[in-house]
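# Structural description and commentary
Chain residues, written in single-letter form:
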Amino acid sequence: MTDIVDREARSHMMSGIKGRDTKPEVQVRSLLHRSGFRFRLHGQRLPGRPDVVLTRWQAVIFVHGCFWHRHSGCKFSYEPKSNVGFWRSKFEANVTRDRRVARKLRVDGWRVFVIWTCAVSPARIARLGRAIRGEDR
């Protein structure tokens, strides 16, 4: 099946997809900050450059897009109908990289949390905050 727009239009659309400071990421940061957490953004020295780094708590947070990181069972994790081979390999590489990065961070002593963009809500962030502080044990 062919794309409904030409290559230049598709390229322009795809270039507008941001890799950082996305709306869900900003919401997570805002809710964490209101809960009293102080953090760094996009840990340059850490594997995978986590979206939020809570050094005091030795924790990192990744805000994963359901489509790009393949949130299992999520309606936003659909598979494109065109260029299926490309997308499958792209998604597999993303998931493999996510697992490798999380494993490396855990080995280095970090606690790794993942928030899916479909699940960003004040209640979920409050639960995450309790988990970071160790209150959910």
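Here's a quick rundown of the structure.

Thresholds applied
For every chain, the first residue of its written sequence is number 1, and the numbers climb from 1 along that sequence. Given that the model is predicted, a residue must reach a pLDDT of at least 70 before its local features are reported, and side-chain atom pairs must reach 80 or more before they are shown or counted; all residues, however, enter totals for whole chains, interfaces and linings. Side-chain descriptors were evaluated using all non-hydrogen atoms of the structure, hydrogens and water having been removed beforehand. A cavity here means a set of points on a 1 Å grid, drawn over the protein atoms and nothing else, where a 1.4 Å probe fits but cannot get out; a pocket is an open set with protein on both sides within 12 Å along at least five of seven lines, and a residue lines either one if it has an atom within 4 Å of a point. Grid points are joined across faces, edges and corners, and a volume is the space filled by probe spheres set on the points. Going along the chain from the N terminus, every DSSP run of H or I of four or more residues is numbered as a helix, and every run of E of two or more is numbered as a strand. In this classification, Asp, Glu, Lys and Arg are treated as charged, Ala, Val, Leu, Ile, Met, Phe, Trp, Tyr, Cys and Pro as nonpolar, and every other residue, Gly included, as polar. Only Phe, Tyr and Trp rings take part, Trp by its six-membered ring, and two of them pair if their centres are within 6.5 Å. Stacked means planes under 30 degrees apart, edge-to-face means over 60, and tilted covers everything else. Exposure classes here rest on a 1.4 Å probe applied to the protein chains alone. A residue is buried below 20% of its type maximum, exposed above 50%, and partly exposed in between. Charges are assigned to positions over rings by a cutoff of 6 Å between ring centre and Lys NZ or Arg CZ, combined with an angular limit of 35 degrees from the ring normal. Note on contacts: a residue pair is in contact if any heavy atoms of the two residues lie within 4.5 Å. Salt bridge criterion: a side-chain nitrogen from Lys or Arg within 4 Å of a carboxyl oxygen from Asp or Glu. For two strands to be treated as a pair, DSSP must find at least two bridges joining them. Note on method: axes are straight lines fitted to C-alpha atoms, helices fitted across the in-contact stretch only, with angles between N-to-C directions ranging 0 to 180 degrees.

Moving on, we come to the layout of surface pockets. With a probe scaled to a water molecule rolled over the atoms, the places where space remains empty come into view. In this structure, the largest pocket encloses a volume near 890 Å³. In terms of lining residues, the largest pocket is bounded by 30 residues, among which V63, H64, G65, W68 and H69 are the most central. Looking at the lining of the largest pocket element by element, the count peaks at 8 residues for helix α4 (residues 84–107). Residue composition of the lining of the largest pocket, grouped by class: 11 nonpolar, 9 polar and 10 charged.

So, on to the packing of aromatic side chains. Enumeration according to the criterion identifies 8 aromatic pairs in this entry. Aromatic pair F67 and W68: ring centres 5.0 Å apart, planes at 85°, arrangement edge-to-face. Taken together, a centroid distance of 5.8 Å and an interplanar angle of 50° make the contact between W68 and W87 tilted. Taken together, the positions of W68 in helix α3 (residues 66–69) and W87 in helix α4 put the pair 19 residues apart, joining distant regions of the chain. By relative accessible area, which is 26% here, W68 ends up partly exposed. The exposure class of W87 is buried, given its relative accessible area of 14%. Among the aromatic residues, those joined into a ring-pair cluster are F67, W68, Y78, F86, W87 and F91. The ring of F67 carries R70 above its face, with NZ or CZ at 5.7 Å from the centroid.

Moving on to the side chain of H64. If you trace the backbone, H64 turns up in strand β3 (residues 59–64). Not counting chain neighbours up to four residues away, the residues in contact with H64 comprise H69, D98, V114, I115, W116 and T117.

With that settled, the discussion passes to the pattern of salt bridges. Counted under the stated rule, the structure contains 3 salt bridges. As a salt-bridge pair, D108 and K104 come within 3.1 Å of each other at their nearest N and O atoms. Assessed through its relative accessible area of 38%, D108 is described here as partly exposed. On the accessibility criterion, K104 (41% relative accessible area) is partly exposed.

A word on the side chain of R29. Among the secondary structure elements, R29 is positioned in helix α2 (residues 23–34). If we ignore the near neighbours within four places in the chain, the residues touching R29 are D21, F39, L41, H42 and V52.

The next point concerns the sheet that holds strand β1 (residues 40–41). Taken in spatial order, the 4 strands line up as β1-β2-β3-β4 in an open sheet, and their pairing is mixed. Edge positions in the open sheet fall to β1 and β4 (111–116), since each of these has one partner strand only. With 2 bridges joining them, β1 and strand β2 (residues 52–54) adopt antiparallel strand pairing. Residue pairing for β2: R40 is matched across the bridge by V53. Sitting on the sheet, α4 is in contact with β3 and β4, with an inclination near 170° to β3. On the sheet, helix α5 (residues 122–133) packs against β2, β3 and β4 and is oriented at approximately 175° with respect to β4.

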